[in-house]
Amino acid sequence: MLFFGAVKDLNPGKVVSRKSKLINPYLIREQSMLTFEAAPHQGVNNIIEKMTSLPFQRVAHRIASLDAQPSISNGIFVVVTGELLVDDEQNPQRFTQAFQLIPEGSTYWVLNDIFRLNYG
């Protein structure tokens, strides 16, 4: 969700996305898998359908931490934690996201992406 086409605003550490910009279809393939709140979605159309069906129009991400490690075949494994503010909501929701980027030419695509809201 976070890295599928978000655009930065003027506040450091904050990323604001319009719902239509959450998915960049050039970053996903048919073998890509998104697990969103324990529900699996595989393939371009299923992932796009899930992301565009989310019940908000805007989301602001406040990144608390970002860790990355090299993975097999020159890939990158990334874990992000932070907070989300959706639409005009004032109470942020904490989240964790982990995803694996696979190199392809001079760019990367997302093989696995796991997104979870942290309650409590």
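Look above for the structure.
Residues numbered from 1 in each chain as written. Predicted model: local features only at pLDDT ≥ 70, side-chain atom pairs only at ≥ 80, totals over all residues. Heavy atoms only, no water.

Another aspect to go through is the overall build of the protein chain. Along the protein chain, the regular secondary structure elements total one helix and eight strands. What you see in the protein chain, going N to C, is helices and strands ordered as β-β-β-β-α-β-β-β-β. Relative to its full complement of 120 residues, the protein chain shows a buried share of 36%. Per element, the accessible surface of the protein chain, about 7200 Å² overall, is 54% carbon and sulfur. (Helix = DSSP H or I, 4+ residues; strand = E, 2+ residues; numbered from the N terminus. Buried < 20%, exposed > 50% of the residue type's maximum accessible area, 1.4 Å probe, protein only. Areas by Shrake-Rupley, 256 points an atom, 1.4 Å probe, with all protein chains shown as cover.)

Using the criterion set out here, one finds three salt bridges in the structure. As a salt-bridge pair, Glu 104 and Arg 29 come within 2.3 Å of each other at their nearest N and O atoms. With Glu 104 in strand β7 (residues 93-104) and Arg 29 in strand β3 (residues 28-36), this pair connects stretches of sequence that are 75 residues apart. Assessed through its relative accessible area of 38%, Glu 104 is described here as partly exposed. (Salt bridge = Lys/Arg side-chain N within 4 Å of Asp/Glu carboxyl O.)

Moving on: the packing of aromatic side chains. For the coordinates displayed, the defined rule picks out two aromatic pairs. Each ring, one from Phe 36 and one from Phe 115, has its centre 5.0 Å from the other, and the planes form 10 degrees; the classification is stacked. Placement of the pair is Phe 36 in strand β3 and Phe 115 in strand β8 (residues 107-118), with a sequence separation of 79 residues. For Phe 36, a relative accessible area of 11% gives the class buried. A residue is classified by how much of its surface remains accessible, and Phe 115, at 2% relative accessible area, is buried. Both rings, one in Phe 95 and one in Phe 115, keep their centres 5.6 Å apart while their planes meet at 20 degrees; by these two values the pair is stacked. Here Phe 95, found in strand β7, pairs with Phe 115, found in strand β8; they are 20 residues apart in sequence, far enough to count as distant. Each of the two residues, Phe 95 as well as Phe 115, counts as buried. Chaining the aromatic ring pairs together yields one cluster made of Phe 36, Phe 95 and Phe 115. (Phe/Tyr/Trp six-rings, centres within 6.5 Å; stacked < 30°, edge-to-face > 60°.)

Another point: the side chain of Ser 32. Tracing the backbone shows Ser 32 in strand β3. In terms of polar contacts, Ser 32 uses its side chain to reach the backbone amide nitrogen of Arg 29, at 2.7 Å. Excluding residues that lie within four positions of it along the chain, Ser 32 makes contacts with His 41, Gln 42, Gly 43, Ile 47, Trp 109, Val 110 and Leu 111. (Polar contact = N/O pair within 3.5 Å; in protein donor to acceptor, adjacent residues only side chain to side chain. Contact = heavy atoms within 4.5 Å.)

Fair warning: the whole summary comes from geometry, so function is off the table for now.
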